[in-house]
Amino acid sequence: MGEILVEVATDVAFGHGVPAQLGISGDALNVAAAAAAAGARTGLLAVLTDDDLGQAIAARIRELGISDELLTFRTGQQGVYLVHCDPDGQREFSYARSSSVGSTLGPDDVDPAVVSAAGAVIAGGIACAISASSRAAVLKAAASAGRFVFDPNFRPRLTSVEEATAVLAELAPRTFLVTPSFPGETSALLGCASPKEAAAKLRSLGAANVAVTCGAEGIQLESEHDSSWVDAIPAPSVVDQTGAGDAFVGTLTARMVLGDGLPDAARYGAAAASLVVGGKGGTGFIPTFEQTRTHALRTPEGELSSHA
């Protein structure tokens, strides 16, 4: 659940007349696309404009294998962001999303029966930051979900450290899985200097499972019965890093719902994340699960793991 955005991407500095590529993105869509590709039956709870643009976005959502049954259409302004990516995939963003139609998502849009029946419900800190009504919708979903997954996704342009910290503390006891990033989010929101310290703190706050993502290094996992480390998987190519973290969250959650244990699911998530950066835009390249699985089973030297 969350906000869907129109994406305008360019490889050169922003300016009049520069070539750009249109896309559909936003953390919620990126997560949903990854979950669907990983084999889960996936729906997207979001609000779109009730015009041709909204219908075009809905068509792209269906194209990605995501159900449109939970979409709502309202009169309003579609959120947009511009992104400039350099040859190494580093990004510079500019947003036009204030009072967007996506931010009108509210508690009345959350059906407790649908939420409780889902194998998992995923939401992020961005959905909590864009409006009070959207934050209330996330809280309602967390209270109803059997498995609630929360990605803090802290964005200083959208919310303060104090507000984001309060949201994380409120949601942690309700989470099946929380996925903060190190060092940015773990330092700002938890005051922790190491991935293990952050994972332990979130467990003490009530989170059932924690996956602390550490960029190109790997992922620190913590659960009631296990503490382990999963190495990152090198990307075959890097075009645009947009959506890598979302691909990790969506794939990890989908695979756990489908029966994989946390370490295996996290390995698949790491593999998906390292593949999506080879495409342009948040949903420019969504690997199939067979592609993800094959990539996950490869060692850094390129050979299949013996425990495949």
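Okay, so let's go over this structure. Bear in mind that the values here come from a model prediction, so they are computed numbers and not experimental data. (Residues numbered from 1 in each chain as written. Predicted model: local features only at pLDDT ≥ 70, side-chain atom pairs only at ≥ 80, totals over all residues. Heavy atoms only, no water.)

## Section: the overall build of the protein chain
Okay, so step 1: A count of helices and strands for the protein chain gives eleven helices and twelve strands.
Okay, so step 2: With the C-alpha coordinates of the protein chain rotated into their principal frame, the extents come out at 50 × 40 × 35 Å.
Okay, so step 3: Scored against the burial criterion, the 308 residues of the protein chain give a buried share of 50%.
Okay, so step 4: Considering only contacts within the protein chain whose residues lie at least 6 apart along the sequence, 67% involve residues at least 24 apart.
Okay, so step 5: When the accessible surface of the protein chain is totalled, it reaches about 13,300 Å², and 52% of it is carbon and sulfur.
Okay, so step 6: In the protein chain, 20 side chains carry a positive charge and 34 a negative one; their mean positions are 3 Å apart. (Helix = DSSP H or I, 4+ residues; strand = E, 2+ residues; numbered from the N terminus. Buried < 20%, exposed > 50% of the residue type's maximum accessible area, 1.4 Å probe, protein only. Contact = heavy atoms within 4.5 Å. Areas by Shrake-Rupley, 256 points an atom, 1.4 Å probe, with all protein chains shown as cover. Lys, Arg positive; Asp, Glu negative; His and termini not counted. Charge placed at Lys NZ, Arg CZ, Asp CG, Glu CD.)

## A closer look at the pattern of salt bridges
Okay, so step 1: If you walk through the whole model with that rule in mind, you get five salt bridges.
Okay, so step 2: As a salt-bridge pair, glutamate 63 and arginine 60 come within 2.4 Å of each other at their nearest N and O atoms. Of the two residues, glutamate 63 and arginine 60 both sit in helix α2 (residues 52–63), three residues apart, roughly one turn of that helix.
Okay, so step 3: Across the pair arginine 62 and aspartate 68 runs a salt bridge, and its minimum N-O distance is 2.9 Å. (Salt bridge = Lys/Arg side-chain N within 4 Å of Asp/Glu carboxyl O.)

## Here's the deal with the sheet that holds strand β8 (residues 148–151)
Okay, so step 1: Spatial ordering of the open sheet is given by β7-β8-β9-β10-β11-β12, a layout of six strands whose pairing is mixed. Strands with a single pairing partner mark the edges of an open sheet, and in this sheet they are β7 (121–124) and β12 (227–231). (Pairing = 2+ DSSP bridges.)

## A short note on the pairing of β12
Okay, so step 1: Going residue by residue along β12, you find Ser228 and Val230 tucked away on one face and Ser227, Trp229 and Asp231 left uncovered on the opposite face.
Okay, so step 2: Pairing of strand β11 (residues 218–223) with β12, which is carried by five bridges, proceeds in the antiparallel orientation. Bridge assignment links glutamine 220 to a residue of β12, and that residue is tryptophan 229.
Okay, so step 3: In textbook terms, the turn of a hairpin is the stretch between consecutive antiparallel strands, and for β11 and β12 this stretch comprises three residues.

## Some details on the nonpolar core
Okay, so step 1: Of all hydrophobic cores here, the largest spans 34 residues; its most connected members are Met1, Val138, Phe148, Phe150 and Leu171.
Okay, so step 2: For this core, the secondary-structure elements that each account for two or more residues are β7, α4 (125–129), α5 (132–144), β8, α6 (161–171), α7 (184–190), α8 (195–204) and β10 (209–213).
Okay, so step 3: If we ignore the near neighbours within four places in the chain, the residues touching valine 138 are Met1, Ala123, Ala127, Cys128, Phe148 and Leu171.
Okay, so step 4: Of all hydrophobic cores here, the second largest spans 33 residues; its members include Ile219, Leu221, Tyr268 and Phe289. (Core = buried A, V, L, I, M, F, W, Y, C linked by side-chain atoms within 4.5 Å.)

## Some remarks on α2
Okay, so step 1: Here α2 spans 16 Å end to end across twelve residues, near enough to the 16 Å set by a 1.5 Å rise per residue.
Okay, so step 2: When α2 is considered as a whole, its buried residues turn out to be Gly54, Ile57, Ala58 and Ile61. Projected down its long axis, α2 carries its buried residues within an arc of 100°, all on one side. Those residues of α2 that are exposed and aimed more than 90 degrees away from the buried face are Asp52 and Glu63.
Okay, so step 3: Against β1 (5–10), β2 (21–25), α1 (27–37), β3 (46–49) and β4 (71–74) lie the buried residues of α2.
Okay, so step 4: Sitting at the amino-terminal end of α2 is aspartate 51, which places a side-chain oxygen 3.2 Å from the backbone nitrogen of leucine 53.
Okay, so step 5: Note on α2: the residue one or two positions beyond its end, glycine 65, has a positive phi of about 85°. (Expected span 1.5 Å × (residues − 1). Arc of directions from axis to C-beta. Polar contact = N/O pair within 3.5 Å; in protein donor to acceptor, adjacent residues only side chain to side chain.)

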